[in-house]
Amino acid sequence: MNLNNHIFSAILLAVVLLISTGECQRKNKWRKQKNSKKDCNLKSIEKCFNTIDEKKKDPNRHLVLKTADGLDEICRDSQDVISCMKKHIEQCGTPLHYEFLDFLTEYLVRSLDLTCKPGSIRNDFLANSVCIATKVLDTTDYKTECSRPYQALVSALKPEEDTENRWGSACCAFSKYKDCADKKTEQVCGVKAKEAFQKFRDDGIGNLLSVMCPVHSYDFKTESCKKRMAKYKGKTEINEEHPLIKYMLAYMRFILPK
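So, how was this worked out
Residues numbered from 1 in each chain as written. Predicted model: local features only at pLDDT ≥ 70, side-chain atom pairs only at ≥ 80, totals over all residues. Heavy atoms only, no water. Helix = DSSP H or I, 4+ residues; strand = E, 2+ residues; numbered from the N terminus. Expected span 1.5 Å × (residues − 1). Polar contact = N/O pair within 3.5 Å; in protein donor to acceptor, adjacent residues only side chain to side chain. Phe/Tyr/Trp six-rings, centres within 6.5 Å; stacked < 30°, edge-to-face > 60°. Buried < 20%, exposed > 50% of the residue type's maximum accessible area, 1.4 Å probe, protein only. Lys NZ or Arg CZ within 6 Å of the ring centre and 35° of its normal. Salt bridge = Lys/Arg side-chain N within 4 Å of Asp/Glu carboxyl O.

**Things to note about helix α10 (residues 163-189)**
End to end, α10 covers 38 Å across 27 residues, agreeing with the expected 39 Å (1.5 Å per residue, within 8%). In this structure Asp 162 caps α10, since a side-chain oxygen of it lies 3.1 Å from the backbone nitrogen of Glu 164. Looking at the residues trailing α10, positive phi occurs at Gly 190, about 105 degrees.

Written as structure tokens, this is what we have:
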């Protein structure tokens, strides 16, 4: 959902990886002619994440949310990543790839605008952001009970596992993370702060990930989710080089401290 989550989401990453693979590039006369002098390997995509990839190393990245200037920085970083990726697809993708990504990035930009431009979501979040950042996100309880368990489960997902199971397990874990984060926020900062954080995360800057993991399909309280997550019970190691973790943290480190 970095990047600065908001990961891009797994679907965006999947599209990027697909377009960057040799399988998609071979036997495509149009692309070969268009990109004969372009850098169209996976490393060129990774360059889009360089700036925020460095920022994710900051253990206090979440504290940037305390101020409007900090939020604006996140917005700029996210918009830069989107622009960079669009440029890569324009140079390296087919017209169909570009059309799809153009639609997807337009959706992302609209979601970002809810957080990055004046409006109720931005205003309500900033009215509560100091409490959320310092009394929730910065606490050991939040990190050990909400943030780390989610990252550890995603880190445990193996490429050889069934794709649907991996995606379902990650979404169930995301549902559990959100419930944990919401409870912590309401307990410490109040109902309005919880609602502001929910809208910031689910409607604004983290919207795409929430759309890809709808609660009605991946409610962690259901038996199917419990069964999925049981396989990874007790996992504590966070592998920041795991493909999903790497890009998710780049985008969402500010709400997923280690």
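**Digging into the packing of aromatic side chains**
In this description, a pair of aromatic rings is defined by centroid distance and the angle of the planes. Under the defined criterion, the tally for this structure stands at seven aromatic pairs. Taken together, a centroid distance of 6.3 Å and an interplanar angle of 70 degrees make the contact between Tyr 142 and Tyr 177 edge-to-face. Of this pair, Tyr 142 sits in helix α9 (residues 140-156) while Tyr 177 sits in helix α10, and the two are 35 residues apart along the sequence. When sorted by exposure, Tyr 142 lands in the same class as Tyr 177, which is buried. Geometrically, the ring pair formed by Tyr 150 and Phe 174 is tilted, given 5.8 Å between the ring centres and 45 degrees between the ring planes. Pair noted here: Tyr 150 is in helix α9 and Phe 174 is in helix α10, with a separation of 24 residues, a long-range link. Residue classification places Phe 174 among the buried positions, given a relative accessible area of 2%. Through pairs of rings, three or more aromatic residues link up here, namely Phe 125, Phe 197, Phe 200 and Phe 254. The ring of Phe 197 carries Arg 201 above its face, with NZ or CZ at 5.4 Å from the centroid.

**Examining the pattern of salt bridges**
Inspection of every chain in the model, using the stated rule, returns twelve salt bridges. A salt bridge links Asp 113 to Lys 117; the shortest N-O distance between them is 3.8 Å. Judged by relative accessible area, which is 23%, Asp 113 ranks as partly exposed. Given a relative accessible area of 47%, Lys 117 falls into the partly exposed group.

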